[in-house]
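Chain by chain, the residues run as shown.
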Amino acid sequence: MTRLRLGVLISGRGSNLQALIEATADPTYPAEIVQVISNRPDAAGLTRAEAAGLPSLIVDHTAFPDRPAFDREMTQALEEASVELVCLAGFMRLLSDEFVDHWRDRMINIHPSLLPAFKGLEVQERVLARGARFAGCTVHYVRKEMDTGPIIAQAAVPVRADDTADSLAARILEQEHRIYPLAVRLIAEGRVSIDAGDRARIADWPTVPGVLLNPPEA
Ligand code: GRF
């Protein structure tokens, strides 16, 4: 089996990187991490990469004159490692149009909301302020506009009456760690295609049974 070669871009904690590390540790998983890049020298995720024996690199954005120069350095490093799929995992830099074009349909992101709702930052504060009854996370291909692009996988979680942004974020994070490896697996198995309407289609997609109500019926 040839495994899809992943490059994972991080800026911080790296818990989604960890989920991918754990998934790829299984030799039957169809993808492997060949390069980790952090734009921040102090990212905790770098320690996770080292512990897993993965090649990691710091590309410090503050050392570059502009965004395109920083992005070109990352593309070079990713190409030197023959990366086939770029996985943004808590990567906190906006990317240049050139970078997004270069990796079009070969770059995915995870975002802690049910896109297209609640793009951007401080998501769970806004979910609570709006009184949404469900929250969740999305893995999607990356397009130029932030937090847009064909959706590959989502998980929904209920919002609880006593939730804080932190408690809700923690409930969602558990599901992020499930759907990121799932989405990568689907891509690596060649089951995801992008149609003319820029929607991601999954071959042999089993239907999720049931309907969830929040609050439930008495
Ligand atoms: C996650 O909530 C992810 O959805 C968002 O940034 C956070 C990264 O967390 N894009 P971690 O660094 O993977 O722990």
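The rules behind these values
- Residues numbered from 1 in each chain as written.
- Predicted model: local features only at pLDDT ≥ 70, side-chain atom pairs only at ≥ 80, totals over all residues.
- Heavy atoms only, no water.
- Helix = DSSP H or I, 4+ residues; strand = E, 2+ residues; numbered from the N terminus.
- Contact = heavy atoms within 4.5 Å.
- Buried < 20%, exposed > 50% of the residue type's maximum accessible area, 1.4 Å probe, protein only.
- Arc of directions from axis to C-beta.
- Pairing = 2+ DSSP bridges.
- Axes fitted to C-alpha atoms, helices over the stretch in contact; angles between N-to-C directions.
- Domains from an automatic or database assignment.
- Buried area = accessible area lost by both parts, 1.4 Å probe.
- Near = heavy atom within 4 Å.
- Polar contact = N/O pair within 3.5 Å; in protein donor to acceptor, adjacent residues only side chain to side chain.
- Areas by Shrake-Rupley, 256 points an atom, 1.4 Å probe, with all protein chains shown as cover.
- Nonpolar A, V, L, I, M, F, W, Y, C, P; charged D, E, K, R; others polar.

Moving on to the environment of Leu78. Checked against the element boundaries, Leu78 lands in helix α3 (residues 67-80). As a C-alpha pair, Leu78 and Arg5 span 73 residues in sequence and 10.0 Å in three-dimensional space. Sequence-distant contacts of Leu78, that is, excluding residues within four places in its chain, are made with Gly7, Leu9, Ile37, Val83, Val86, Phe99 and Trp103.

Residues of helix α5 (residues 123-130) that are buried include every one of Val123, Gln124 and Val127, and no others. Projected down its long axis, α5 shows its buried positions confined to an angular sector of 90°, all on one face. A positive backbone phi angle near 70° is found at Gly131, which sits one or two residues after α5.

Right, let's talk about the environment of Ser82 for a bit. Among the secondary structure elements, Ser82 is positioned in the loop between α3 and β4 (85-88). A residue is classified by how much of its surface remains accessible, and Ser82, at 41% relative accessible area, is partly exposed. For Ser82 and Val34, which are 48 residues apart along the polypeptide, the C-alpha to C-alpha distance reads 8.1 Å.

What follows concerns the sheet that holds strand β2 (residues 31-38). As summarised here, the arrangement of the seven strands in space is β3-β2-β1-β4-β5-β6-β7, forming an open sheet in which the pairing is mixed. Both outer strands of the open sheet, β3 (56-58) and β7 (151-158), are each paired with one neighbouring strand and no more. Recorded for the sheet is a direction-independent mean angle of 20° between the axes of neighbouring strands. When strand β6 (residues 134-141) meets β7, the two strands line up antiparallel, connected through seven bridges. Its bridge partner lying in β7, Val139 is registered against Ala153. Packed on one face of the sheet, helix α1 (residues 15-24) meets β1 (4-10), β2, β4 and β5 (107-111) and runs near 155° to β2. Lying over the sheet, helix α6 (residues 165-188) contacts β1, β2, β4, β5, β6 and β7, oriented at roughly 155° with respect to β7.

Moving on, we come to the domain arrangement of the protein. Along its sequence, the protein is organised into domain 1 (1-103) and domain 2 (109-203). Computed over C-alpha atoms, the centres of domain 1 and domain 2 are 19 Å apart. Contact with domain 1, which involves 20 residues of that partner, is made by 17 residues of domain 2. Each partner contributes to the roughly 1600 Å² buried at the junction of domain 1 and domain 2, and carbon and sulfur atoms together form 70% of this total. A per-residue breakdown of the area domain 1 buries against domain 2 is headed by Asn16, Tyr29 and Leu88, which together make up 30% of the total.

This part takes up the site of the ligand. Near the ligand you find Arg13, Gly14, Ser15, Asn16, Gly90, Ile110, His111, Pro112 and Glu176, and these make up its full shell. Contacts to the ligand include Arg13, whose side-chain N or O atom sits 2.6 Å from an oxygen atom. One of the backbone N or O atoms of Ile110 is found 2.9 Å from a nitrogen atom in the ligand. Considering the ligand on its own, with 370 Å² of exposed area, one finds that the protein chains cover 84% of that surface. Taken together, the elements giving at least two residues each to the shell around the ligand come down to α1 and β5. Within the shell around the ligand, the residues separate by chemical class into two nonpolar, five polar and two charged. There are two domains that each give the shell around the ligand at least three residues, and those are domain 1 (1-103) and domain 2 (109-203).

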